[in-house]
Amino acid sequence: MHLTKEDERILAGEQGNAAAKSMKILVALGEIFKAEELIPVGSVQIAGVSFANLGDAGLEYLAELAIDGQVKVTSTLNPAGMDLREWEKLGITSEFAEKQNKVIEAFAKMGVITTCTCTPYLIGNLPAYGEHVAWAESSAVTFVNSVIGARSNREGGPSAIAAAMIGKTPSYGFHLDENRKPQFHVEVKAKIESIADWGALGYAIGSQSDRRIPYITGLSTTTTDNLKSFGASIITYGSPPLYHIKGVTPEASLHKPPKEKVTVTKEDLDEAYKSLNDEATEVDFVSLGCPHASMREIAEVATYLKGKKVKEGVELWIATARPTKDIADERGYTKIIEDAGGKMAVDTCMVVAPIKGRFKTMATTSAKACFYARGKNKMQVHIGDFTECLNAAVDGVWKK
Ligand code: F3S
């Protein structure tokens, strides 16, 4: 891989240990993937923030980088293992909170904006069409590649930090035109309406994609919220972090539908719903905001909950980013949600928070949340739209 004179000087340690270590990671990655050069990135999104995933070894790694490391581009964080301000409210222990705060302190020392969210594009870190970025969280990478037409590989924790320290990433994978072409055609012949339908569609396409990029037809334009949920689902169930939808996503018009075609019918969607719903009907956890809830979604939750009460024994979390919560506070939505017994789960989510063993059955709008709640937290799950999930929060029972 070609390195500029400056790249070589950084590699030799001219800008300190953290920069040299970061350059080493980028060069190794570039060589593995046969990149020709390092290209500048406009922003970085760093995953691997929850202490539950990092552990002491991860914390040590970050603390060492923070000794002399400084990020060179706008960099934000994925959700942490707790609400950074009101962690007790979510049942987090003080031992965990202490470690999680040290993780955040290390990132802050490196110059990272410590907003912890998987939807940075909703709160001011929005790349432009064609812009190269180095993002890590799978749903966020899928969103910026597909819906925005920006270019990112799915970075790992260390490679995202390395890109942030250098302001560059190796030019391979989804940064290159030739790797962004659709590889099979999906014709959707089912009606896709609610957010849960988009999640089920992501399941239906992702599970037959075989890591190939789909070119999807048969859908009409929809909301950002539905597309963020669809992206989270399709990559969770097997697609790469890029899809094209004719008439909806910007790069679809650059391509013709590939020859190989599969069809998604109402029966396929019913099948997806069947796979995303378990037997248990008694719900003790309702998790909304995967990916992190938008202002519109929080408004929908508050409108539903006004004057209602979450059933005793049921916990309702609305996961979102701090700046979105601040607006919800101002608009009075937080008060309505909290008066009803719901909790704003800010800076975190049900997957990265250490909640294993606390709940048995979860209702959610997110197909991605179903996957991790089953696999990581051993819960039974149900997927539905906002009203169905909130009905379950109020009744404690899943009805469909
Ligand atoms: Fe975001 Fe957590 Fe879902 S990181 S995409 S809310 S699993």
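In what follows, the structure referred to is the one given above.
It should be emphasised that the depicted structure is a prediction, and the values quoted were computed from it without experimental measurement.

Q: Please set out the overall build of the protein residue by residue, giving values where relevant.
A: Secondary structure assignment for the protein yields 14 helices and 15 strands. Relative to the compact-globule value of 21 Å for 400 residues, the protein shows a C-alpha radius of gyration of 21 Å, a close match. Summarising its shape, the C-alpha atoms of the protein cover approximately 65 × 55 × 35 Å along the three principal directions. Put simply, 78% of the contacts in the protein that link residues at least 6 apart link residues at least 24 apart.

Q: Please give an account of the sheet that holds strand β12 (residues 315-320) that cites residues and values.
A: Spatially, the five strands line up as an open sheet ordered β13-β12-β11-β14-β15, and their pairing is parallel. Looking at strand neighbours, the two that pair on one side only are β13 (343-346) and β15 (380-383), the edges of this open sheet. On average, each strand axis in the sheet is tilted by 25° relative to the strand beside it, whichever way the strands run. Across three bridges, strand β11 (residues 285-293) lies against strand β14 (residues 361-364) in parallel orientation. Residue pairing in the sheet places phenylalanine 285 in a bridge with methionine 362 of β14. Lying over the sheet, helix α14 (residues 386-395) contacts β11, β12 and β14, oriented at roughly 145° with respect to β11.

Q: Tell me what's going on with the sheet that holds strand β7 (residues 184-188), and back it up with residues and numbers.
A: Pairing is parallel in the open sheet, where four strands are placed in the order β9-β8-β7-β10. Looking at the sheet topology across the chains shown, the edges are occupied by β9 (244-245) and β10 (261-264). Of the pairings in the sheet, the one linking β7 to β10 comprises four bridges and is parallel in character. By the bridge assignment, histidine 185 is partnered in β10 with lysine 261.

Q: Describe helix α6 (residues 157-166), with residues and values.
A: Helical geometry note: an α-helix holds 3.6 residues per turn, so side chains three or four residues apart project in the same direction. Here α6 lies mainly inside the structure; eight of its 10 residues are buried. Listing the buried residues of α6 in full gives Ser159, Ala160, Ile161, Ala162, Ala163, Ala164, Met165 and Ile166. In the segment just after α6, glycine 167 is the residue with positive phi, at about 80°.

Q: Help me get a handle on the side chain of serine 287, residues and values and all.
A: Considering the arrangement of structural elements, one finds serine 287 in strand β11. In this structure serine 287 touches Trp317, Met350, Met362, Ala363, Thr364 and Thr365, once residues within four positions along its chain are discounted.

Q: Please give an account of the packing of aromatic side chains that cites residues and values.
A: By convention here, two paired aromatic rings are described through the distance between centres and the angle between planes. Tallying each qualifying case throughout the model produces 10 aromatic pairs. Centroid distance phenylalanine 285 to tryptophan 317: 5.3 Å. Interplanar angle 90°. Geometry classified as edge-to-face. Taken together, the residues phenylalanine 285 in strand β11 and tryptophan 317 in strand β12 connect sequence positions 32 residues apart. Comparing phenylalanine 285 with tryptophan 317, the two get one shared label, buried. Centre to centre, the rings of phenylalanine 371 and tyrosine 372 are 5.0 Å apart; their planes meet at 80°, and the pair counts as edge-to-face. The class of phenylalanine 371 is partly exposed, set by a relative accessible area of 37%. Tyrosine 372 sits in the partly exposed class, given a relative accessible area of 26%. Each residue in the set Tyr203, Tyr237, Phe371 and Tyr372 is aromatic and connected to the rest through ring pairs, giving one cluster.

Q: If you had to explain the pattern of salt bridges to someone new, which residues and values would you point to?
A: Opposite charge on two side chains permits them to pair, given that their charged atoms come into close proximity. Following the criterion strictly, the structure yields 23 salt bridges and no others. Its salt-bridge partner being glutamate 86, residue lysine 89 comes within 3.8 Å of it at the nearest N-O pair. Residue glutamate 86 is classed as partly exposed on the basis of its relative accessible area, which comes to 35%.

Thresholds applied
- Residues numbered from 1 in each chain as written.
- Predicted model: local features only at pLDDT ≥ 70, side-chain atom pairs only at ≥ 80, totals over all residues.
- Heavy atoms only, no water.
- Helix = DSSP H or I, 4+ residues; strand = E, 2+ residues; numbered from the N terminus.
- Rg over C-alpha atoms; globule rule 2.2 N^0.38 Å.
- Contact = heavy atoms within 4.5 Å.
- Pairing = 2+ DSSP bridges.
- Axes fitted to C-alpha atoms, helices over the stretch in contact; angles between N-to-C directions.
- Buried < 20%, exposed > 50% of the residue type's maximum accessible area, 1.4 Å probe, protein only.
- Phe/Tyr/Trp six-rings, centres within 6.5 Å; stacked < 30°, edge-to-face > 60°.
- Salt bridge = Lys/Arg side-chain N within 4 Å of Asp/Glu carboxyl O.

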